[in-house]
Amino acid sequence: MPRGQKSKLRAREKRRQARGETQALEAAQAMGESSSAACPPSGGRCAATPCPAQGTPSSVSADAALSCTDSDEGARNQDEGSPSSSDGAEVLCRDPLNKKVVLLVQFLLHKYQKREPITKADMLKFVIKKYKYFNEILKRASEHMELAFGVDLKEVDPVRHCYTLISKLDLTFESTMHEEENTPKTGLLMIVLGVIFMKGSCAPEEEVWEVLNMMGVYAERKHFIYGDPKKVITQDLVRLKYLEYRQAPGSEPPRFEFLWGPQAYAETSKMRVLEFLAKVHDTVPSAFPSWYEEALKDEEERARARAAARAQTAAMASARARGLGRQLLPV
């Protein structure tokens, strides 16, 4: 191919890529303007998750989180006579980096939806602009992605500074959703699993929704991230066996409750869920003594089960080897 034609093709490819990145940023801005995030995109923790009585409270109040991320909800709360936002909320909203954090979160979500690579160069070029603030903005956005969506931002190429978003639990749920619904829902599942764990392995539906309502997630209201939340947790996650949703025995009128499904037991553990919730509340799992003890027992039982399974596999392999050896011996 002539050199001039190659140069034209490279230039055309660069223009196409630039248009794609610009569209990604425009989509991120549109999402950021039309919707609110589930948790405050600040250095503080999200308080809209179950806060056990025996644990330490989150460093950011639920009122602070909601006032920064959902002004309509805040206005309704004030109209209904609820307490005004805390001083912490005002600090969060005044933080000049928060706008960039929100844009970066939406940019990352867009990349996740499109399954496109994430690079430091693109984040600087299309979102952050100023290099001196990159590390702080990236740190806050990464924390927000982890706590609100249950995904970790990992650097996979330290030389070219390429990143990828990885589900905290390697759940297969994400890959089953349609393309237009492909936003991380692991965080939502983790919260529901946490409520079930803290309620003694079985949580009434109304108590699950009480917690989700604190996050701005409502059963009868479409959510800009989770879509139809009620369908997600009562149908999608149930069909995929991450949750069980059943009528409470003997309830009249009928009431429903949630339990962990077999897929949740297979892919996560009580300790991992407790670690997630502890991080949300800016503390450690041992700050919740009774649940921590239960999680430790669960870890020990799992370790014994794995050891027994390995021993059985080794014994079967040894038996097959002996049988094969006898077959090869001369008669």
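Our structure's up above, just so we're on the same page.
Residues numbered from 1 in each chain as written. Predicted model: local features only at pLDDT ≥ 70, side-chain atom pairs only at ≥ 80, totals over all residues. Heavy atoms only, no water.

What follows covers the overall build of the chain. Counting its secondary structure elements, the chain contains 14 helices and six strands. Burial status across the chain gives 45% buried among its 331 residues. Of the roughly 18000 Å² of accessible surface on the chain, a fraction of 53% belongs to carbon and sulfur atoms. (Helix = DSSP H or I, 4+ residues; strand = E, 2+ residues; numbered from the N terminus. Buried < 20%, exposed > 50% of the residue type's maximum accessible area, 1.4 Å probe, protein only. Areas by Shrake-Rupley, 256 points an atom, 1.4 Å probe, with all protein chains shown as cover.)

This brings us to the environment of Asp228. If you trace the backbone, Asp228 turns up in the loop between helix 10 (205-214) and helix 11 (229-239). Separated by ten residues in the primary sequence, Asp228 and Tyr218 place their C-alpha atoms 8.8 Å from one another.

Taken N-terminus to C-terminus, the directions of helix 6 (residues 120-128) and helix 7 (residues 134-149) make an angle of 95 degrees; their axes are 12 Å apart at the nearest point. What the angle tells us is that helix 6 and helix 7 run roughly perpendicular. In this structure, helix 6 contributes Lys120, Met123, Leu124 and Ile128 to the contact, and helix 7 contributes Phe134, Ile137 and Leu138. For the contact of helix 6 with helix 7, a count of residues per class yields six nonpolar, no polar and one charged. (Axes fitted to C-alpha atoms, helices over the stretch in contact; angles between N-to-C directions. Parallel < 35°, antiparallel > 145°, perpendicular 65-115°, else oblique. Contact = heavy atoms within 4.5 Å. Nonpolar A, V, L, I, M, F, W, Y, C, P; charged D, E, K, R; others polar.)

Let us now look at the pattern of salt bridges. Counted according to the given criterion, the structure contains twelve salt bridges. Arg239 serves as the salt-bridge partner of Asp236, at 3.6 Å between the closest nitrogen and oxygen. With a gap of three residues between them, Asp236 and Arg239 both fall in helix 11, about one helical turn apart. The class of Asp236 is buried, set by a relative accessible area of 5%. When its relative accessible area of 55% is taken as the criterion, Arg239 is described as exposed. In this structure, the salt-bridge partner of Lys297 is Glu293, at a minimum N-O distance of 3.7 Å. Of this pair, Lys297 and Glu293 are both found in helix 14 (residues 289-328), four residues apart, which corresponds to roughly one turn of the helix. What makes Lys297 partly exposed here is its relative accessible area of 46%. Put simply, Lys231, Asp236 and Arg239 are held in one network by salt bridges that share partners. (Salt bridge = Lys/Arg side-chain N within 4 Å of Asp/Glu carboxyl O.)

Turning our eyes to something else, we now look at the sheet that holds strand 4 (residues 203-204). Sheet architecture is open: three strands sit in the order 4-6-5, paired in antiparallel fashion. Each edge of the open sheet carries a strand with a single partner, namely strand 4 and strand 5 (243-247). Contacts from helix 9 (residues 186-198) reach strand 4, strand 5 and strand 6 (256-260) within the one sheet, and its direction differs from that of strand 6 by about 100 degrees. (Pairing = 2+ DSSP bridges.)

Right, let's talk about the pairing of strand 6 for a bit. Most of strand 6 is tucked away: four of the five residues are buried. Two elements, strand 4 and strand 6, share two bridges in a ladder whose sense is antiparallel. When the sheet's bridge partners are listed, Pro204 is paired in strand 6 with Glu257. Direction of pairing for strand 5 relative to strand 6: antiparallel, over a ladder of five bridges. Residue pairing for strand 6: Gln247 is matched across the bridge by Phe256.

Right, let's talk about the packing of aromatic side chains for a bit. The description of an aromatic ring pair rests on the distance of the ring centres and on the angle between the ring planes. All told, the structure shown has four aromatic pairs when counted by the stated rule. Summarising the aromatic geometry, the rings of Tyr245 and Phe258 are spaced 4.9 Å apart at their centres and angled 35 degrees between planes, so their arrangement reads as tilted. Of this pair, Tyr245 sits in strand 5 while Phe258 sits in strand 6, and the two are 13 residues apart along the sequence. Tyr245 gets classed as partly exposed once you look at its relative accessible area, which sits at 26%. Ring plane angle 70 degrees and centroid distance 6.4 Å describe the contact between Phe288 and Trp291, whose orientation is recorded as edge-to-face. Phe288 gets classed as buried once you look at its relative accessible area, which sits at 0%. Judged by its relative accessible area of 15%, Trp291 falls in the buried class. An aromatic cluster is defined as three or more aromatic residues linked by ring pairs; in this entry it consists of Tyr245, Phe256 and Phe258. Positioned above the aromatic ring of Tyr218, the side-chain terminus of Arg221 is 4.2 Å from the ring centre. (Phe/Tyr/Trp six-rings, centres within 6.5 Å; stacked < 30°, edge-to-face > 60°. Lys NZ or Arg CZ within 6 Å of the ring centre and 35° of its normal.)

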